[in-house]
Structure formats: C-alpha cells, structure tokens
Amino acid sequence: MIHNSLFKKYGLEAYYHPFHVKKETLAETIHAMKLLNIAGFNVTVPHKERIIPYLDEIDDLAKMIGAVNTVKNESGKLIGYNTDGIGFVESLKELDNEFINKRIVIIGAGGAARAIYFSLASAGVKCLDIANRTENNALKIIHAYPLNIETNCLTLNQLEQSLHHYDIIIQTTSVGMEPNDHQSLIEFSKLQINTLVIDIIYKPAVTKFLKNAEMNGARIDNGLTMLYNQAAYAFQIWTGIFPDVSKGITT
Ligand code: NAP
C-alpha cells in the first residue's frame, strides 16, 4: 500500500507486490529476480540475514547490522541495504530533536534492535543500553564492532528498577504484538516526568506496554512512523526520490 501509493503519487510506472518465499527456495527466488530484471525489493523476516550471501554487494551500515531489508538491482548487480535503523532514527528526530544527548535504553536484542542500535550509534548517541531476556544476545551486539559508545547490558528486572535513569525507552521485541496484545514485558514505575517511550510494534496501535507507560506519565509513540520512514528510504534507494511520508500515505 505504501509503495504503490508513492509510485502513483510520483507518476512512476512501477508495481510493488508481496511474495511468500520459503527458505528452501530463497536462492532460486533471488536468481529469478535477476533474470526478470526486477528493479528492487524488500526482504523481511525470516530472510533478512540469510539473503546476504546471495547478494553482490552490501552497504556498510547493513554489513554492521548484519541484515538487509532493501535490495536494489543495478544493471544485474544486487546491492543490499538496511533502512530499518535509519527509518527509526528519522522518526526519533521528529519526536525529540535532542535525542543524541539523551540516555537511551533498547529493550530486545533481535534484528530490529540491532538495526536501531547501530543506527543510533552511527548518529552519535553516546549512552545507549540494552535490556534483553538473553544476556548473550545483547552482548553479541555490543561486541560485534568497536564503537565509541558506552553500553551496559541489563536484565529485564534490572531495567524495571532503573527506568528513572532513562530519557528514552525503546521496546523492540515482538512481545505485545497481535494476537498476544495482552502481554507486556515490563511493569512501569519510577519513570522520569516526560520520558519518551516508544514501541516499534504498530499492531495494535497502542500496545499494553505503551498503555502502561502512558499511565505512568510517559509520552508515547508506536512503530508506524518507523514503518513509513524505512519505506521512504527504500523508495529513495530504488527511485532517487525521497518521498514525503510525514502525514502518512494517502491514495
Ligand atoms: P527477532 O529478531 O525475532 O527478535 C526478537 C526479540 O524479542 C529478541 O530480543 C527476543 O529475546 C525478544 N523476545 C521474543 N519473545 C520474548 C519473550 N516472550 N520474552 C522476552 N523477550 C522476548 O525479531 P525482530 O525482527 O527484531 O522484530 C521484533 C519486532 O519488531 C516485531 O514485532 C516486528 O514486527 C517489529 N518491527 C517493526 C518495524 C517497524 O517498521 N515498525 C521494523 C522491524 C521490526 P531473546 O534474545 O531473549 O530471544
């Protein structure tokens, strides 16, 4: 819906279509994309990491993140990018212009957390902690590259006790997503006044996590702005046009 609306808006003769690709047929699918001279495509769960060996080149940020969500076909050469993290950073700028100097914690250490961590670090954030169920997955992120950044790894219990320490809290796990929208990873108390709490889930629009945060005085935002912004960067990679997605997409 996002990309087809944008193609129409900018008068481009292009069409975006979802394909269900099984892991056993990933190699053939990519070969077919090349044969059919498809101009570009997105990649989603569970292929974001496993597509990498099949591509001809990987952009530096995507290499650091270790995952690709956008591919451009340049004269038969497939180049991989990651726009999830930069899409998130763009949405954060809209919510807090001063985010670089803020104390930030990311909850989760999966693919989305990795994209957000390296993109925030690349944007210049210095205090960026990770709280995750499995400590080792958080450690893998911070040990992947030597970065000029201070990161502590916390358990979810430790985070609950130190929520007041953060200006921005970013929930990146799939906990609370439909149909499990009755779930929330942590309990809120001791929030600073005006803490910004973001959940990158957008279905439901307001997760239980966000509801609880709001009841404890937080400013909240969901994952829709990130979704639009990652799409805007992908659209720019394919077409050279950075589309205006600030008011959502209208057909
Ligand atoms: P993923 O790679 O599978 O990572 C899942 C993370 O969630 C891991 O850190 C995992 O912890 C944690 N987790 C899962 N179940 C848990 C549970 N029951 N208790 C505690 N922790 C749990 O997934 P992903 O690709 O990062 O995606 C995560 C979410 O982000 C999804 O809801 C996805 O829809 C959303 N997303 C949104 C956008 C957007 O544009 N808004 C973009 C990308 C992703 P362990 O390390 O302990 O296993």
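Source: prediction; values computed, not measured.

The rules behind the values
Residues numbered from 1 in each chain as written. Predicted model: local features only at pLDDT ≥ 70, side-chain atom pairs only at ≥ 80, totals over all residues. Heavy atoms only, no water. Helix = DSSP H or I, 4+ residues; strand = E, 2+ residues; numbered from the N terminus. Rg over C-alpha atoms; globule rule 2.2 N^0.38 Å. Buried < 20%, exposed > 50% of the residue type's maximum accessible area, 1.4 Å probe, protein only. Contact = heavy atoms within 4.5 Å. Phe/Tyr/Trp six-rings, centres within 6.5 Å; stacked < 30°, edge-to-face > 60°. Pairing = 2+ DSSP bridges. Domains from an automatic or database assignment. Buried area = accessible area lost by both parts, 1.4 Å probe. Salt bridge = Lys/Arg side-chain N within 4 Å of Asp/Glu carboxyl O. Polar contact = N/O pair within 3.5 Å; in protein donor to acceptor, adjacent residues only side chain to side chain. Near = heavy atom within 4 Å. Areas by Shrake-Rupley, 256 points an atom, 1.4 Å probe, with all protein chains shown as cover. Right-handed = clockwise from strand over helix to strand, strands pointing away.

Chemist: Can you walk me through the overall build of the protein in this structure?
Modeler: The number of helices and strands found in the protein is 9 helices and 10 strands. For 251 residues, the compact-globule estimate of 2.2 N^0.38 gives 18 Å, and the protein sits close to it at 19 Å. With respect to the three principal axes, the spread of C-alpha positions in the protein is 55 × 40 × 35 Å. Across the 251 residues of the protein, 47% fall into the buried class. Taking the contacts inside the protein whose residues are at least 6 apart along the sequence as the reference set, 62% of them involve residues at least 24 apart.

Chemist: What is the right way to look at the packing of aromatic side chains in this model?
Modeler: Aromatic ring pairs are defined here through the distance separating the ring centres and the angle between the ring planes. Summed over all chains, the structure comprises 7 aromatic pairs. Between F118 and Y145, the aromatic rings sit 5.9 Å apart at their centres with planes inclined by 85 degrees, giving edge-to-face as the arrangement. With F118 in helix 5 (residues 111-123) and Y145 in the loop between helix 6 (135-144) and strand 7 (153-154), this pair connects stretches of sequence that are 27 residues apart. The exposure class of F118 is buried, given its relative accessible area of 0%. On the numbers, 4.9 Å between centres and 65 degrees between planes, the contact of Y233 with F242 is edge-to-face. Judged by relative accessible area, which is 15%, Y233 ranks as buried. According to the relative accessible area criterion, F242 is partly exposed, its value standing at 38%.

Chemist: Sorry, what's going on with the sheet that holds strand 9 (residues 196-199) here?
Modeler: The strands making up a sheet associate through hydrogen bonds between their backbones, and the pairing can be parallel or antiparallel. Taken in spatial order, the 6 strands line up as 7-6-5-8-9-10 in an open sheet, and their pairing is parallel. Each edge of the sheet is formed by a strand with only one pairing partner; in this case those strands are strand 7 and strand 10 (219-221). Sheet topology places strand 9 next to strand 10; 3 bridges connect them, and they run parallel. Within strand 10, the position partnered with V197 by the bridge is I220.

Chemist: Sorry, what's going on with the domain arrangement of the protein here?
Modeler: In many reports, interface size means the accessible area that the parts give up when they come together. One can read the domain layout of the protein as domain 1 (2-83 + 227-239) and domain 2 (85-225). A straight line from the C-alpha centre of domain 1 to that of domain 2 covers 26 Å. Each side of the interface is counted separately: domain 1 has 13 residues, and domain 2 has 18 residues. The contact between domain 1 and domain 2 buries some 1300 Å² in all, and 59% of this surface belongs to carbon and sulfur atoms. Per-residue buried area on domain 1 facing domain 2 is highest for M64, L227 and N229; these three make up 46% of the total on that side. In this assembly, domain 1 and domain 2 are joined by 0 salt bridges. Across the contact surface, domain 1 and domain 2 share 10 residue pairs in polar contact (both at pLDDT 80 or more).

Chemist: Got a minute to help me understand the site of the ligand in this structure?
Modeler: What surrounds the ligand is a group of 21 residues, the closest being A109, A112, N132, T134 and N137. For the ligand, an oxygen atom lies 2.8 Å from a polar atom in the side chain of N137. Here an oxygen atom of the ligand and a backbone polar atom of L227 are 3.4 Å apart. Protein burial of the ligand: of its 930 Å² of free accessible surface, 73% is covered by the chains. Elements represented by at least two residues in the shell around the ligand include exactly helix 5 and helix 9 (224-239).

Chemist: Would you take a moment to explain the sheet that holds strand 2 (residues 57-58) for this structure?
Modeler: Spatially, 4 strands are ordered 1-3-4-2 in an open sheet, and the strand pairing comes out mixed. Single-partner strands in this sheet number two, and they are strand 1 (40-42) and strand 2. For strand 2 and strand 4 (residues 77-81), the ladder comprises 2 bridges, and the chain directions are parallel. Pairing of I58 across the sheet is with G80, part of strand 4.

Chemist: Sorry, what's going on with the pairing of strand 6 (residues 127-131) here?
Modeler: The side chains of a regular strand alternate, first on one face of the sheet and then on the other. Along strand 6, 5 of the 5 residues are buried, which leaves the element largely enclosed by surrounding structure. On strand 6, burial covers both faces: C127, D129 and A131 on one face and L128 and I130 on the other are all buried. Looking at chain direction, strand 5 (residues 103-107) and strand 6 are connected through 5 bridges and run parallel. Bridge assignment links R103 to a residue of strand 6, and that residue is C127. Between strand 5 and its parallel partner strand 6, the chain crosses via helix 5, and the hand of that crossover is right-handed. Bridge count between strand 6 and strand 7: 2 bridges; the pairing is parallel. Of the residues in strand 7, the one forming a bridge with A131 is L154.

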